[in-house]
Every structure is written in structure tokens, then in C-alpha cells.
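Chain residues, written in single-letter form:
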Amino acid sequence: MALNDHFLWGSATASYQCEGAWDLDDKAESNWDRYLHVNNLENGDIASDFYHHYEEDIRMLSEGGQNSFRFSLSWPRIISDINGTVNQKGLDFYHKVIDTCLRYDVEPFVTLYHWDLPQYLEDEGGWLNRKTCDAYLHYVEVCFKEFNGKVRYWTTFNEPRWTIFNGYLIGNYCPGHHDAQETTVGAYHIMLAHAMAVNLFREEQIEGKIGIVHSYTPVDGVDDSPETLKAMRYADNYCNNWVLDTAAKGEIPEDLLVALSEKGVDLSFMKEEDLKQIKKARVDFLGLNYYSRALIKPYTEGETTLIINNKGKAAKGSSKTILKGWFEQIKDPSSEYTEWDTEIYPKGLYDGLLRAQQRYGLPMYITENGVGMYEDVSEYVEDDYRISFMNDHINAIMNAVDDGADVRGYFAWSTFDLYSWKNGCEKRYGLVAIDFNDPKLERRTKKSYQWYKKVADSNGACIIRKAY
Ligand code: BG6
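(A) Spatial organisation of the environment of Gly 460. Note that Gly 460 resides in the segment after helix 15 (447-457). When the C-alpha positions of Gly 460 and Asp 274 are compared, they lie 43 Å apart, and in sequence the two are 186 residues distant. Other than its neighbours up to four places away in sequence, Gly 460 contacts Ala 2, Leu 3, Ile 394, Met 398 and Val 455.

This is the structure:
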């Protein structure tokens, strides 16, 4: 059986990861520009040069059967300075992108923030400074008014957890800190900024729907013991609930706040008027990015250890997640893992969708799903592993829909090869190959692109169905 005719079949990108043109047309410097330049790391200065290839890229995705394109707006491209000056050239670029989508009957699915913060705000403390919430509100107001009527799907933030935890706790993203207090403050401010944007969207009666995109990590336990269930709750709060409960129910989980206080985090920065904003702001839908689940056991010993493998095969098996006193994440010996230690586990998507359906009862979009691999793009990429990965995850969605989940769209990560943050460009996710050594950055379709067209054209009817 196929999915319904309104289902969005698309793919996704993010401004910093694909646009390039990092200092063109009066774009301000972003936190990622500064961090990667100063540390002399591989950067997105050019990336896939979507800035100059957007027309071709949108045409290609449309020819590939896709009826939606998820992309993000770059805040530093649109707002030039700390005084909030609007850069018309930045707005013009996104008008061109959106108009091209509409010309090809492709629904623009817009992310307002995919981690590229203007450096002038990072200089003032970034997400640790409450003023960043006000600056964000100004930025989103400009975007809402500018693109109202053209964009029908808005999301406030891409993955608050990933950007805040990696930046302030794990330290592998900018600004590269390791501080629980800062992590809590940053997480709170980003969710407050989200709530302020949703409330503004309602007040201004902007057309369309607004949601948030979360790095959804459904939590499983090693057994059903009370200790494991407790550890799972800690893990669920850590991974998911602080974003999803806050966005969908207007509530920051109380037991998480208690647990943070017990860890010595000072919560006095939380203000009553902020909580009222948060309570009022309910999203219309949830955007869920699914890469994997977390398998949890109770905490045994050792200090908090958070290691993410950004080196691929050179560091395979090095990832570790231990939250002292809370939980430990373990590997499932029967599962397959990528070179970057991501478990391939489609059933987690099925389970997660049903849990989220039950808990929030909101429409859901899978806003990212894909597999990062090393690939030789000097010849046609026959990425059967990606086809099999996508087949099994779309199958999981279809199974969840059959069992009552309200899923309305699927976006493959990514539309074409792009810059994969600290993993650089060698970790490829695209349906379209780009040879980053080729000055022309020519686009060439992979086998998965053709396969995905058949899936989209048949509304999923050609997916090989499997039960669990
Ligand atoms: C998501 C992000 O976390 O996963 C993307 O929204 C990111 O920006 C994607 O690229 C894949 O992760 P990575 O680290 O392999 O690039």
C-alpha cells in the first residue's frame, strides 16, 4: 500500500554545509566561519557552492521526483550586524531559492536556524546571552514578513540538542566548551527563543505551519529492571524530552530540572515570564531527524565521558556516552555500525514514531534520514547500501503509519554531497555526488537518486516491505 498523495518526498540541506560564498554579498561572518578558520580546520567556505548552483540543484531534485526541499536560511547572510541591519542581498538570494522551488512545484520547507550564528552575537556570549533570543526574534520577524505567503512550512531550529551539547558539553563543535552550567543555560535560551518565535508567528498570523526539528534518539533499555527504567528516563530527558516536551507541551521536564539541580547546576536564570512564553508556544508539527536510537543501561562507574567519533574509520569504536549517576549508552553486538559508529537500526524509527505519536499526538515529518559513507565519486556511485538503508527506514515509517502514526513527509539527508561539519567532506550522504576537487563542482546523480525517484513517484508503493 502507498502513502497518501499529500506526502512530502524531499531531501534536506543546511546553509553552512552547502552554500559556500561565506563572505560574498555582504554576508556577515558566522561562528562556524570563525571557529574553523581560527583552528585551521576543514571548512565550508566553498562547500557545494549551492549559492551559485541552487537553480541546477532544485531542478535536479524536482527531476528526481521530489516535491519538497528542506533548507536553512543563514542568519548572518540576512542580518548584518549587532544593530539588526537587514542585508537585502541576503534576502534576495533566498527569494531566488524559494521562487525556484515554487517554479518547479517543490514545497520549500524552511529551517530558520541550522547552527550558523552570526559571530557578532557569539562575541557577546552566543546562546549563553539572553540577548541572543531577542536578536533571533528580530531575525525571524524579518524572515516571516519577507517570505510570508511563499513558505508554508517553517521550523525554528534544527536540532537544539546537537548544537548545544556539542558546543558546550562535548566540545567538538564551536565554541568547544565542556561545561554543564553553560549547557543548561544555552539549552534554555534556545528553547526560549524557539517559543518566542512560535508566539510571534501566531501573533503576526503568518500563513502556514510552524514546528521544530529535533535529533530524535529513541531510547531502549537492556532489560526491564527498575534500575534500567530509571536510567532510560534520564537518557530520554537528556536526548529528547527537553526539546520535544518543551516544544509540544510547553513544559520543561520537572524531573530533569531536579536532576540538574542535584548535579549542582544553578537554575536561577530561569524566569517566570519566560516559562509563560514557553507554556503558550505549541508547535503545529514535529520535525524528527532520525539516524539512530540509544541503547541504555544503568550507570555503573566512572566520570561523565562523551566522545563522538568525527574521524570515521581511523577512530571506529571510540564513541562513548556515560553520564555520571544517570546512564550509560552501550553498543548492541548484533547490530551493524557505520565507520562513524552510528548504529543502523530502522526499527528504532518505527518504535520512536509510535512513542512520539502517543506522547504528543502531533503530525510528524522525518526531516532527515540518511547514511554517511566514504565514496569514490570519480565514477558512477552505485550506493546500494544507501538504497537498502533508505528502503528499510521508509518501510519503518510505513509500518508506523499502518499502526497509527501521523507521518506526513520524509526528507533524505542529503540532497547532494555537502560539508559534514567536523567530519569534513569525505563523509558523504548525498543522493547526488559532488567531487570537491573539481573546480566546477559538477553534480552527478548516484544510483540512490534514481531509486528515490521511483519511491516518490509511487508514493512508497515500491518499497520492499518487511515486518519486525
Ligand atoms: C544532523 C544535522 O545532526 O545530522 C546535519 O542536522 C548533519 O547538519 C547530519 O550533517 C549528519 O551528521 P554528520 O555529523 O554526519 O554530518
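(B) Quick peek at the pairing of strand 8 (residues 294-298). Relative to strand 8, strand 6 (residues 219-221) runs parallel, the two being bridged by three bridges. Bridge pairing in strand 8 links Asp 220 to Leu 295. For strand 8 and strand 11 (residues 327-330), the ladder comprises four bridges, and the chain directions are antiparallel. Directly across from Lys 297, in strand 11, lies its bridge partner Glu 328.

(C) How the structure looks around the sheet that holds strand 10 (residues 320-323). The strand order across the open sheet built from five strands is 6-8-11-10-9, with neighbouring strands paired in mixed fashion. Strands at the two margins of the open sheet, each flanked by one partner only, are strand 6 and strand 9 (305-307). Going across the sheet, the axis of each strand differs from the next one's by a mean of 35°, ignoring polarity.

(D) Representation of the packing of helix 13 (residues 346-360) against helix 14 (residues 384-402) in the model. Across the interface, helix 13 lies against helix 14 with an axial gap of 8 Å and an inter-helix angle of 25°. It follows from the interaxial angle that helix 13 and helix 14 lie roughly parallel. By crossing handedness, the relation of helix 13 to helix 14 is classed as right-handed. Residues Pro 346, Lys 347, Leu 349, Tyr 350, Leu 353 and Leu 354 of helix 13 lie in contact with helix 14, whose contacting residues are Asp 392, His 393, Asn 395, Ala 396, Ile 397, Asn 399 and Ala 400.

(E) Seen up close, the packing of helix 9 (residues 180-203) against helix 12 (residues 272-280). Where helix 9 meets helix 12, the axes come as close as 8 Å, and the angle between the chain directions of the two elements is 55°. Judged by the angle between their axes, helix 9 and helix 12 are oblique. Once helix 9 is placed against helix 12, the crossing between them reads as left-handed. Here helix 9 contributes Met 191, Leu 192, Ala 195, Met 196 and Asn 199 to the contact with helix 12, which in turn contributes Asp 274, Gln 277, Ile 278 and Lys 280. When the residues that make up the contact of helix 9 with helix 12 are grouped by side-chain class, the tally is five nonpolar, two polar and two charged.

(F) Region of the structure containing the sheet that holds strand 3 (residues 107-111). The eight strands lie next to each other as 1-2-3-4-5-7-14-15, forming a closed barrel whose pairing is parallel. When the angles between neighbouring strand axes are averaged without regard to direction, this sheet yields 25°. By the bridge criterion, three bridges tie strand 1 (residues 8-12) to strand 2 (residues 68-72) in an arrangement that is parallel. Looking across to strand 2, one finds that Gly 10 is bridged to Ser 68.

(G) Expanded view of the site of the ligand. For the ligand, the set of nearby residues contains 14 residues, the closest of which are Ala 14, Trp 162, Gly 372, Ser 420 and Trp 421. Of the residues that constitute the shell around the ligand, the class distribution is four nonpolar, seven polar and three charged.

(H) Structural view of the environment of Asn 172. Checked against the element boundaries, Asn 172 lands in the loop between helix 8 (160-170) and helix 9. Owing to 16 C-beta atoms within 10 Å, Asn 172 belongs among the partly exposed residues under this scheme. Taking the C-alpha atoms as reference, Asn 172 lies 9.8 Å from Trp 421; in sequence the two are 249 residues apart. Excluding anything up to four places from it in sequence, Asn 172 contacts Asn 166, Ile 308, Asn 310 and Lys 422.

The rules behind these values
Numbering of residues starts from 1 in each chain and follows the order in which that chain's sequence is written. Where totals are concerned, whole chains, interfaces and linings use all residues; where local detail is concerned, this predicted model gives features only for residues with pLDDT of at least 70, and gives and counts side-chain atom pairs only at 80 or more. Numbering goes from the N terminus for both helices and strands, where a helix is a DSSP run of H or I of at least four residues and a strand is a run of E of at least two. Any residue pair is listed as a contact if its two C-beta atoms, each placed from the backbone, are within 7 Å. Here, strands pair whenever DSSP counts at least two bridges between them. Fitted lines through C-alpha atoms serve as axes, helices being fitted only where they are in contact, and the angles separating the N-to-C directions of these axes extend from 0 to 180 degrees. Angles below 35 degrees are treated as roughly parallel, those above 145 as roughly antiparallel, those between 65 and 115 as roughly perpendicular, and all remaining angles as oblique. Here a crossing is called left-handed whenever its near helix is offset anticlockwise from the far helix by less than a right angle, and right-handed whenever the offset is clockwise. Throughout this entry, Asp, Glu, Lys and Arg are counted as charged residues, while Ala, Val, Leu, Ile, Met, Phe, Trp, Tyr, Cys and Pro are counted as nonpolar. The remaining residues, Gly among them, count as polar. Throughout this description, a residue near a molecule or strand is one whose C-beta atom, derived from the backbone, lies within 6 Å of it. Three exposure classes are used, based on other C-beta atoms lying within 10 Å of a residue's own C-beta, which is placed from the backbone: buried for 20 or more, exposed for 12 or fewer, and partly exposed in between.

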